[in-house]
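Here are the chains, one letter per residue:
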Amino acid sequence: MSTLPFTEKELRKAWKDLKDASKTNSGKRKNPHRLLLFYAVECGLKAVWLRSNNKNVLDTKNIDEYKHNLHKLIHELNLGKDYLLPNDIKLKSCTIENKSFPRNGKFDVLHQAWRYGGCCVAPSDEQCEKQLQKIAEWIDKEIS
């Protein structure tokens, strides 16, 4: 799978567009809103990371290194533990051939859970989203 480079300007625009798209007028938040917020935060953190490292382009090496790893970006940007997402998430169990299978994972599967319609039970979707909102507020201050 090949990766493409993206500029800081493109990442800042993606941050804004995804963040705006993650909002809802109905007040009822669903997985698509959360997923767009996750990707907005990822783009925003990468844009801030580029700026803080005096770089203009997120190249293949950086993309491969960071992927969806928000924790790594948070550590590198020295945000502190208060901004980290939960290390482990637990989804509702899945039944396959009449057997129940637990679905647990590290935080980096959060975007996958929301993309495929999963529901976090520990921490809840709302708790994860609240943490992403906290990071988004920090990004707003850095990018503005």
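As the structure is a prediction and not an experimental result, all values here were calculated from the model.

Moving on, we come to the side chain of Asn31. The topology assignment puts Asn31 in helix α2 (residues 31-52). Every residue in contact with Asn31, bar those within four places of it in the chain, is listed here: Ala113, Trp114, Gly117, Gly118 and Asp125.

Across the sheet, which stays open at both edges, the 3 strands sit in the order β4-β3-β5 with antiparallel pairing between neighbours. Either end of the sheet is taken by a strand with one partner, and the two such strands are β4 (99-106) and β5 (120-122). Across the sheet, the mean angle from the axis of one strand to that of its neighbour is 40°, orientation sign disregarded. Bridge analysis of strand β3 (residues 88-96) against β5 gives 2 bridges, and the strand direction is antiparallel. Residue pairing across strands places Leu91 opposite Cys120, the latter belonging to β5.

Reading the values: the criteria
- Residues numbered from 1 in each chain as written.
- Predicted model: local features only at pLDDT ≥ 70, side-chain atom pairs only at ≥ 80, totals over all residues.
- Heavy atoms only, no water.
- Helix = DSSP H or I, 4+ residues; strand = E, 2+ residues; numbered from the N terminus.
- Contact = heavy atoms within 4.5 Å.
- Pairing = 2+ DSSP bridges.
- Axes fitted to C-alpha atoms, helices over the stretch in contact; angles between N-to-C directions.

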